[in-house]
Structure formats: C-alpha cells, structure tokens
Amino acid sequence: MRILAVNTMSRSIALAALATGILLLVPLAAMQFTDEVVWTALDFSVAGALLFGAGLAFALLTRTAGTFVYRAAAGIAVAAALMLVWVNLAVGIIGSEDNPANLMYAGVIAIEITGVLLARLRPAGMSRAMFAAAIVQMAVAVIALAGGLGATEPPGRLGILVLNGFFVALFAGSALLFRHAARSRGARKPA
C-alpha cells in the first residue's frame, strides 16, 4: 500500500514537472517570433516555481479525494491562488505591480494556506478556509477602494472592483463546492 502511494506521488510530481515544462515553452516560443514577449531567466524561474507549485498543491490536495466535486473545488482554489499571485507579479491589481498595496494580497494566500492546513483536507474545513480567503479578498478591495489606493493608476477603481470580485467569486465557488463535498460525504456515512 505504501509503495502504491509513493508511486502515485512520484507520478504526480513528474506530471506537474512535465506540465510546467510544456507551459513554459509557450513564452519561450513567443520570444522567438515577437519582441512583445521578453522574459528573463528570473521570469522563467518564478513562473516555473509557481506552475510546478500549483500542480504539486493540486496533487497533494486531491491525493485522497475520491469525488469529482472535491477535486473541482481544489482545482478552483489552486487556480485562484496561482492567478492571484501571477496577476500581482505581472501587472498588479491595485495600480501597477510596483504598488506596495498589492502586498495585501499575500494575506489572502496566507489565510488560504493556513486554513487548508488547519482543515487537514477535510471538505467542511476546506469550505471554511475558502470562505475566509474570499472574505479577506473582499476586505483588501474595500481597503483599497476606501483608501483611494491605486485609484489614479490602471486598472482604476472599476478595475480593482471587477478583479477582486472575480477572485472573491472563485474562492466562494470553491468554498461552495467543498461544502457540497462535505454534505455528500456525510450523507454516505452509515448511521
């Protein structure tokens, strides 16, 4: 049984590494044909670490999950975290990527990770963790809008509202799916 778990994890790591390599070929190929894409070795390293980390996180979150709903919830949670970090590093949500106000989004990721660890991958706890991440995401938007942070830079107030709303919807959607998985799991337990 333990050998099977090791082989499954090794396969997950290999798949995450392969997917990361394939995805990094896209900007590498684009650099050959246009001057619009200019990535440095640091860009490739950071992108590779983010993509591989997201793939590994998904594998770890779903290694014991048997239901499609739980896997979908985990996929949305990982994708939301990946996109939140990626957007902030690339262009920023509150003004440009250089605006220090964007560092508030580290709190969203910290809440998500802490919640996942405290939940021990149980769907009910995962649901609460994702709802907490959605609330913190919303709080960052409220702070940014109320404080006028990044209001004069793109994407502006409307952009900040829309982008944060998108991430709130992802975290809340993940939370609802985890809640559904928890209820389904509870319904299947013998009395």
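Here the structure is a predicted model, which is why all the values come from computation and not from measurement.

Parameters and conventions
Residues numbered from 1 in each chain as written. Predicted model: local features only at pLDDT ≥ 70, side-chain atom pairs only at ≥ 80, totals over all residues. Heavy atoms only, no water. Core = buried A, V, L, I, M, F, W, Y, C linked by side-chain atoms within 4.5 Å. Buried < 20%, exposed > 50% of the residue type's maximum accessible area, 1.4 Å probe, protein only. Helix = DSSP H or I, 4+ residues; strand = E, 2+ residues; numbered from the N terminus. Contact = heavy atoms within 4.5 Å. Expected span 1.5 Å × (residues − 1). pLDDT = per-residue confidence, 0-100. Axes fitted to C-alpha atoms, helices over the stretch in contact; angles between N-to-C directions. Parallel < 35°, antiparallel > 145°, perpendicular 65-115°, else oblique. Nonpolar A, V, L, I, M, F, W, Y, C, P; charged D, E, K, R; others polar.

Once that is clear, we can look at the nonpolar core. The biggest cluster of nonpolar side chains holds 39 residues, and the ones touching the most others in it are Met130 and Phe171. Residue assignment for this core shows that the elements contributing at least two residues are helix H2 (41–62), helix H3 (68–90), helix H4 (105–119), helix H5 (123–146) and helix H6 (156–188). Considering each element in turn, this core owes the most residues, nine residues, to H3. When residues no more than four places from it in sequence are discounted, the contact partners of Phe171 are Ala77, Ala80, Ala81, Val108, Glu112, Met130, Ala133, Ala134 and Gln137.

Below, the discussion takes up H3. Compared with an ideal rise of 1.5 Å per residue, which puts 23 residues at 33 Å, H3 spans 32 Å between its outermost C-alpha atoms and is within 8% of the ideal. Taken residue by residue, H3 has Tyr70, Ala73, Ala74, Ala77, Val78, Ala80, Ala81, Leu82, Leu84 and Asn88 as its buried positions.

It is worth spelling out the confidence of the model for the chain at this point. Per-residue pLDDT for the chain averages 91, and the proportion of residues at 70 or more is 94%. Of all helices and strands in the chain, the one with the weakest mean pLDDT is helix H1 (residues 2–33) (86), whereas H5 scores best (97).

One can describe the packing of H4 onto H5 by two numbers: an axis separation of 8 Å at closest approach and a directional angle of 170°. When the interaxial angle is binned, H4 and H5 end up roughly antiparallel. Along its contact with H4, which presents Tyr105, Gly107, Val108, Ile111, Glu112, Gly115, Val116 and Ala119, the element H5 presents Gly125, Met126, Ala129, Met130, Ala132, Ala133, Val136, Gln137 and Val140. Class assignment for the residues of the contact of H4 with H5 results in twelve nonpolar, four polar and one charged.

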